[in-house]
Amino acid sequence: MTEWLPILVLLSGLAFGLITGFPMAFTLASSSIIASWIFIGPQSLPYVATNVFGMMSSMVLIAMPLFIFMACVLEKSGVTQDLYAFMHQLLGPLRGGLSMGTVLICAIIAAMSGVSTTGVVTMGIIALPIMLKQGYGKSIAIGPILAGGALGLLIPPSISLIIYGMIARVSIGRLFAGGILPGLLLTFLYVSYIGIRSYFQPHIAPALPPDKRVPMKEKIALTSGLILPVLIISAVLGSIFAGIASPTEAAAVGAGGALASAAIHRRLNWQLVKDACYRAMAINGMIMWILFGASCFTSIFFRTGGQDLISDVIIGVASEPIYVFIIILVTLIVLGFFLDEITQIMITVPVFLPIIVELGYDPVWFGVLFMTQVQMDYLTPPFGFTLFYMKGVAPPEVSMGDIYRSIIPFVCIQLAVVMAILFFPQIVLWLPDVVFGLR
Amino acid sequence: MKRVLAGIDFVSEWSGKLVSVLIVFIMAILLLEVALRFAFNAPTIWAHELSMHFFGAYSVLAGAYVLLHNQHVKIDLIYLRFSTRGRAIIDTFTYLLFFLFIGLLLRYGIMIAWRAVELRQAVSPSPWGSPIWPTKLTVPIAALLILAQGLANFIRTVKLAVTGKELT
C-alpha cells in the first residue's frame, strides 16, 4: 500500500485547500512541494521554478489573454447592453421569449469572453430582475442564465478548450470546430424546452405586453451596435477554420477588431482601453497562477507514480470501455462539486487522457465530451458549484430550492447530450473532419 | 508600519498595471506578423517568439496584483461560514504554505535565471534563437513581488487574528 502514500498526501493537501479557502494556485503548488519533499527528496525541489517557467513559455496559451482582452473591450464598449436590448425586443413578444433570449445572450457572452461560468452569471443576473418583474416564474427565469452561461466552456473561443488543447497537444482549431455542434444542439434544446413549456403554461412566462414593444424600425436600429462584433467573431473563427491563421494570430486579429469596432462606434477612449487592459491582466494572471500550481501538482503526481496507479485501478475495475467512461463521468461529477473548472481540467485530463487514447478514442472528441460533462457538473444539484454562486447574487426572495427546481430540466438536457456524444461521436467529429479534412 | 504596508500595496498595484500594457504589444506584434505574411508574403522569424517572451512576463508578473485584489480563485463555501476573525486565524496558518511555495519559487527562480545568463541559453529550436534569460529573470522578480504582497497581507491577517481588529 505504500505506493499510495504520495497520492494520499497530494489529495489531502487538495482537501485541506478546499476546507480552508486557501487559493487553488497555492494549494496545488504547496501540496506538491510537501509530497515531493517527503517522497522524492529535497534535491527534486527546483522543479517548482522550471514548471512555472514551462507554463510561461507555452505558445498555445498566448491566444488566451488575447481572447480575454477582446472580450473585455467588447464588454466595456457596451456590446453586452446592446445585445440585451436587442434580444429583449426581438424575442420579448413571444411567450417565454425573455427566457429564450437569456439563453442566447448568455451563450453569446460566454462564447465571446470564454471566462468561467461564474463571470457569466454576473452578467446574466441583470436579466433576472427584469424577468421576475415581467411576471416570469422563478422556475423558468433562473435556469436559462445558468445553463446559457455554462455553454461558455464549450462554444469557441472557449478558454477551457484552449487549456485542454495545451495539455492534450491537439489542434485548438479542431477543438473549436468540435465544440460548435454540441453547443448549438444544447442551445436549441434549451430554447425548445422553454418554448414548449411556456406555450402550455403562459402564466409563468407571459409575452411582453404590446405597449412595451417597439416597432420594427427601432428593432433594426438596435442591431447597429451588434453588426461589427458579430463580424469580428465570425472572422476570428472563420480564419482559424480556413487554416489561414493560427488561433493565436486569429485572437490578435479579434482583439484588434474589437478595438476598431469600439472606435467606429465612437466609444473608444483612454478609460476604456485602460479598464480592458487591467481586467484582462487580472483574469489572465488568475488563470495562469492556477496553471502554475497545477503543473507542479501534476508533475509530482506523475513522478510519484500516481498516474500508473490510477489507470491500473480504472482498467482493472472496468472490463469494457463503457465502464471506463462511467468511472470518468462520475469522478467529474463529484469533482465538480468542489473544484473550479480550470483546476479540474488541469488535474484530471492528464490522468484520464492516456487511458482514453490507449482505448483508441479521439482526444478531440474526448475534449468536447469532457467540457459538456463539466458544464453539467457545475449545475448538478445539490452541490453544483455555480448554484451556490447564483444564490449569492440573486435577489433574496430566490431560495436554494427555487434554483434546484429551475435547473433540473436543463441538467437533464445536458445529460442527454452527454449520452448522445458518448454514443454518436460524429456529433463532435463531423465538423472538424469537414473543415480540416480527415486525419 | 502602516506606510510600509501601503508602500507594498502601491508597488503591487503598479507592477500589475504596468505589465497590463504588454497585451497591447503582443496584439500589435502578431497583427504586424499577419499583415507582413498576407500583404507582403514576408513572415518574420521573431514575432511569435517575442510574443511568447512577453506572454511569460505578462502572466507571472500579474501575480502580486491579483493577490492584492484578492482575485486568486479559492473554493470558499466552507471558509465563508467562519467569522472575519475565524477566517483570519485560518489564513494565518495557510499563509505559511504560501511562503513555502513562493520562497522556493524565489530561490530556484534565481537559480534558473542565473544559469540562463551563465550558459547564454537561447530559445531552441528556433530560427531566431533569442536569449532566454530576460524572461527567466521575471520568475524571481514576480516571486519577490508576490512575496512582499503576501507578507503585507500576512501582517494584516495576524493582527486581525490576534486582536480581532483590522489594521487600518
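Up top is the structure.
Note that the structure is predicted; figures quoted are calculated from it, not measured.

### With respect to unusual backbone geometry
At step 1: Residues P156(A) and P157(A) are joined by a peptide bond in cis, for which omega reads 0°.
At step 2: Along the chain, the position of P157(A) falls in the loop between α9 (138-150) and α10 (159-168).
At step 3: Positioned with a positive phi, R169(A) is a non-glycine residue whose angle comes to about 55°.
At step 4: In this structure, N41(B) takes a positive phi of about 55° despite not being glycine.
At step 5: You can see N41(B) is positioned in the loop between α2 (22-39) and α3 (47-60).

### Regarding the interface of chain A and chain B
At step 1: With 60 residues of chain A at the contact, the number on the chain B side is 56 residues.
At step 2: Summing both partners gives a buried area of about 5,100 Å² for chain A against chain B, and 83% of it is carried by carbon and sulfur.
At step 3: The interface formed by chain A and chain B holds one salt bridge in total.
At step 4: A salt bridge links R37(B) to E249(A), with the nearest nitrogen and oxygen atoms 2.9 Å apart.
At step 5: At the junction of chain A and chain B, the tally comes to six residue pairs in polar contact (both at pLDDT 80 or more).
At step 6: Those elements that place two or more of their residues in the side of chain A that touches chain B are α1 (5-20), α2 (24-39), α3 (47-56), α4 (63-76), α13 (247-264), α14 (270-303) and α19 (385-393) of chain A.

### Digging into the packing of helix α16 (residues 321-336) of chain A against helix α17 (residues 341-358) of chain A
All names here are of chain A.
At step 1: Contact pair α16 / α17: the axes reach a minimum separation of 12 Å and the direction vectors enclose 175°. Relative to α17, the element α16 is oriented roughly antiparallel. On α17, the residues that touch V324, F325, I328, T331, L332, L335 and G336 of α16 are Q344, T348, F352, I355 and I356.
At step 2: A per-class count over the contact of α16 with α17 returns eight nonpolar, four polar and no charged.

### Considerations on the packing of aromatic side chains
At step 1: Considering all chains together, one arrives at 22 aromatic pairs over all chains under this definition.
At step 2: Relative to F200(A), the ring of Y199(A) lies with its centre 5.3 Å away and its plane at 85°, an arrangement referred to as edge-to-face. Grouping residues by exposure puts Y199(A) and F200(A) together as exposed.
At step 3: Aromatic pair Y361(A) and W365(A): ring centres 5.3 Å apart, planes at 25°, arrangement stacked.
At step 4: In this structure an aromatic cluster arises from ring pairing among F22(A), F26(A), W289(A), F292(A), Y95(B), F98(B), F99(B), F101(B) and F154(B).
At step 5: Stacked on the ring of Y79(B), the Lys or Arg R87(B) has its end atom at 5.9 Å from the ring centre.
At step 6: The lysine or arginine in question, K136(B), covers the ring of F53(A), its NZ or CZ lying 5.0 Å from the ring centre.

Conventions and cut-offs
Residues numbered from 1 in each chain as written. Chains lettered and ligands numbered in written order. Predicted model: local features only at pLDDT ≥ 70, side-chain atom pairs only at ≥ 80, totals over all residues. Heavy atoms only, no water. Helix = DSSP H or I, 4+ residues; strand = E, 2+ residues; numbered from the N terminus. Contact = heavy atoms within 4.5 Å. Buried area = accessible area lost by both parts, 1.4 Å probe. Salt bridge = Lys/Arg side-chain N within 4 Å of Asp/Glu carboxyl O. Polar contact = N/O pair within 3.5 Å; in protein donor to acceptor, adjacent residues only side chain to side chain. Axes fitted to C-alpha atoms, helices over the stretch in contact; angles between N-to-C directions. Parallel < 35°, antiparallel > 145°, perpendicular 65-115°, else oblique. Nonpolar A, V, L, I, M, F, W, Y, C, P; charged D, E, K, R; others polar. Phe/Tyr/Trp six-rings, centres within 6.5 Å; stacked < 30°, edge-to-face > 60°. Buried < 20%, exposed > 50% of the residue type's maximum accessible area, 1.4 Å probe, protein only. Lys NZ or Arg CZ within 6 Å of the ring centre and 35° of its normal.

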